[in-house]
Amino acid sequence: VGPKLFQYVLKVLVQSVQLLYTLLRIDQPSYILLQNPPGLPSIAVAWVAGLLWGSKLIIDWHNYGYTIMSLSHGRSHPLVLIAKWYEKLFGCLSDYNLCVTDAMKKDLWVNFKIKAVTLYDKPASYFKETPLDLQHNLYMKLAKDYEPFKPRYYRAANPSAERSAFTERDGKSGSVVKTRDRPALLISSTSWTAPSYLSALTSVLSSPDYERFIEEGAKLPALVCVITGKGPLKDYYNGLIQNLHFKHIQICTPWLEAEDYPLLLGSADLGVCLHKSSSGLDLPMKVVDMFGCCLPVCAIHFECLHELVKHNENGLIFRDSKELAEQLKMLFLEFPTLEGKLHSFRENLRASRQLRWDESWDQIVLPLLGSKE
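- The chain has the name Chitobiosyldiphosphodolichol beta-mannosyltransferase in an unreviewed UniProt entry, where Notiomystis cincta is given as its organism.
- Looking at the chain in UniProt, the text filed under Catalytic activity (unreviewed entry) is "an N,N'-diacetylchitobiosyl-diphospho-di-trans,poly-cis-dolichol + GDP-alpha-D-mannose = a beta-D-Man-(1->4)-beta-D-GlcNAc-(1->4)-alpha-D-GlcNAc-diphospho-di-trans,poly-cis-dolichol + GDP + H(+)".
- Entered under Pathway (unreviewed entry) in the UniProt record, the comment concerning the chain runs "Protein modification; protein glycosylation."

Have a look at this one:
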């Protein structure tokens, strides 16, 4: 009850007491590792707990909380300005700082006088290319609930075969092959909350350009676009999607079980990322996971994206729906031939052999801590 500012202050105070009480009940740690955001009130509470324990505070900067707050309140709102002051003050009190891009490392030093070490996000070990047999099992599972995964044609030549839209398992030998006339599988993901993402999503989905290319005679496959995730605006955007009438594009928005998401990434032909950073200084974790699966991406441009997506090397960067449509045309021409940009991007990702999360931690963070002891 009461004014919103009063509600917000009261909420922060109550959370501070709850969090400090919870922290002080655990065994005394040598380090407190805190990811920011969310940092209000956790940075201050973790710093106080560290003082009482004699522990060292490590802040892992993934973004700035005040820039996220500014999306709904505006940059000059008093709460946003207080949040910025708060992050700067308590950020400077930390013992060590990690961040996710070199651009953020520079910004932390220039604006906050905080020295940080860049620790890029890396995929977990279970993000990898999916074997064909597991691909087929996943497609058959999804076909029970989602029309785009069901086979489009009946083949009298092998009536005993088990089919999905993308694969076929021989009824006698049990071997799995990809169907020659299969659609291309695109995947994207969202929490269905970020306005910048969803406005870009609407623009891309409503664009008729890809359909026009096919109608004009381009040898392009049909597309199945899978948008994963769960959030408050999902039903609203599902309503918009149902009003889109495409001949060659199907869109579905499943909520995947945790173990199925990496399998689907490892089965897809292309990832599409519409993430836009509130600060312009963080990188989309969804692309990190896609690259772990050797899945090329098309990603919408923002300031430091080049630290992850190397244009024309492991993917493409676009600025609007028309440019994305042109890129899809170029990548999927003569699909599914093993020639062209799409295949070379995947080969580049395979050859790069990215570090996994635990390897990156061992190489970057442990020496940092050890050198200070």
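## Regarding the side chain of Ser-42
So, point 1. Tracing the chain through its elements places Ser-42 in helix 2 (residues 42–53).
So, point 2. In this structure Ser-42 touches Leu-19, Leu-34 and Tyr-86, once residues within four positions along its chain are discounted.

## Quick word on a nonpolar patch on the surface
So, point 1. A grouping of Ile-82, Trp-85, Leu-89 and Leu-93 is seen on the molecular surface, where their side chains present a nonpolar patch of about 390 Å² in accessible area.
So, point 2. Tracing the backbone through its elements, the reader meets Ile-82 in helix 4 (residues 78–91).

## Overview of the nonpolar core
So, point 1. Within the largest apolar cluster, 36 residues are counted, with the highest numbers of intra-cluster contacts made by Phe-149, Leu-185, Ile-187, Leu-264, Leu-265 and Val-309.
So, point 2. When contributions to this core are tallied by element, the ones reaching two or more residues are helix 6 (132–143), strand 8 (184–189), strand 9 (223–228), helix 10 (260–265), helix 11 (285–292) and strand 12 (297–300).
So, point 3. Formed by 29 residues, the second largest nonpolar core is a distinct cluster that contains Leu-220, Ile-241, Leu-274 and Leu-324.

## Brief notes about the UniProt feature "domain: Glycosyl transferase family" (unreviewed entry) in the chain
So, point 1. Mapped onto this numbering, the UniProt entry annotates "domain: Glycosyl transferase family" (unreviewed entry) at residues 220–331.
So, point 2. A distance of 9 Å separates the end C-alpha atoms of residues 220–331, which is 30% helix and 20% strand.

## A closer look at the sheet that holds strand 5 (residues 162–163)
Strand pairing in a sheet takes place through backbone hydrogen bonds and is either antiparallel or parallel in direction.
So, point 1. Pairing in this open sheet of 3 strands is antiparallel, and the strands run 5-6-7 from one edge to the other. Across the chains shown, the open sheet's two edge strands, defined by having one partner strand only, are strand 5 and strand 7 (176–178).
So, point 2. Docked against the sheet, helix 6 engages strand 5, strand 6 (167–169) and strand 7, running at close to 100° with respect to strand 6.

## Here we look at helix 11
So, point 1. In terms of burial, helix 11 is a largely internal element, 7 of the 8 residues being buried.
So, point 2. Considered for burial, the residues of helix 11 that qualify are Lys-286, Val-287, Val-288, Asp-289, Met-290, Phe-291 and Gly-292.
So, point 3. Buried residues belonging to helix 11 abut strand 8, helix 10, strand 11 (270–273), strand 12 and helix 13 (341–352).
So, point 4. Note on helix 11: the residue one or two positions beyond its end, Cys-294, has a positive phi of about 55°.

## Focus on the sheet that holds strand 4 (residues 117–118)
So, point 1. Within the open sheet, the 4 strands sit side by side as 1-2-3-4. Their pairing is parallel. Two strands in the sheet have a free side with no partner beyond their single neighbour: strand 1 (31–36) and strand 4.
So, point 2. Across 2 bridges, strand 3 (residues 96–99) lies against strand 4 in parallel orientation. Paired with Leu-98 across the strands is Val-117, a residue of strand 4.
So, point 3. Its contacts with the sheet put helix 4 on strand 1, strand 2 (56–61) and strand 3, and the angle it makes with strand 2 is roughly 135°.

## Details of the domain arrangement of the chain
So, point 1. By the assigned domains, the chain splits into domain 1 (1–120 + 358–370) and domain 2 (132–352).
So, point 2. Each partner contributes residues to the interface: domain 1 has 14 residues there, and domain 2 has 8 residues.
So, point 3. Interface of domain 1 and domain 2: buried area, both sides summed, is about 840 Å²; carbon and sulfur atoms make up 60% of it.
So, point 4. Of all residues in domain 1, the largest losses of buried area upon contact with domain 2 belong to Asn-63, Thr-101 and Ala-103, amounting jointly to 40% of the total for that side.
So, point 5. Run the count over domain 1 and domain 2 and you get 0 salt bridges.
So, point 6. If you list the elements that add at least two residues to the side of domain 1 that touches domain 2, you get helix 3 (65–73) and helix 5 (102–112).
So, point 7. By residue number, the principal contributor to the side of domain 1 that touches domain 2 is helix 5, which donates 4 residues.

## Some thoughts on helix 5
Count 3.6 residues to each turn of an α-helix, and residues three or four apart come out pointing the same way.
So, point 1. Buried within helix 5 we find Met-104, Leu-108 and Phe-112. One side of helix 5 holds all its buried residues, which, seen down the axis, span an arc of 45°.
So, point 2. The inward-facing, buried residues of helix 5 abut strand 2, helix 3, helix 4 and strand 3.
So, point 3. A positive backbone phi angle near 60° is found at Lys-113, which sits one or two residues after helix 5.

## What about the side chain of Thr-253?
So, point 1. Mapped onto the fold, Thr-253 is located in the loop between strand 10 (249–252) and helix 10.
So, point 2. For Thr-253, a relative accessible area of 12% gives the class buried.
So, point 3. Discounting residues that sit within four places of it in the chain, Thr-253 has contacts with Trp-192, Ile-227, Lys-234, Asn-238 and Ile-241.

Calculation criteria
- Residues numbered from 1 in each chain as written.
- Predicted model: local features only at pLDDT ≥ 70, side-chain atom pairs only at ≥ 80, totals over all residues.
- Heavy atoms only, no water.
- UniProt positions renumbered as here; feature names shortened; annotations may be inferred.
- Helix = DSSP H or I, 4+ residues; strand = E, 2+ residues; numbered from the N terminus.
- Contact = heavy atoms within 4.5 Å.
- Patch = residues over 30% accessible without salt bridge, like charges linked within 9 Å, V, L, I, M, F, W, Y side chains within 5 Å.
- Areas by Shrake-Rupley, 256 points an atom, 1.4 Å probe, with all protein chains shown as cover.
- Salt bridge = Lys/Arg side-chain N within 4 Å of Asp/Glu carboxyl O.
- Core = buried A, V, L, I, M, F, W, Y, C linked by side-chain atoms within 4.5 Å.
- Buried < 20%, exposed > 50% of the residue type's maximum accessible area, 1.4 Å probe, protein only.
- Pairing = 2+ DSSP bridges.
- Axes fitted to C-alpha atoms, helices over the stretch in contact; angles between N-to-C directions.
- Domains from an automatic or database assignment.
- Buried area = accessible area lost by both parts, 1.4 Å probe.
- Arc of directions from axis to C-beta.

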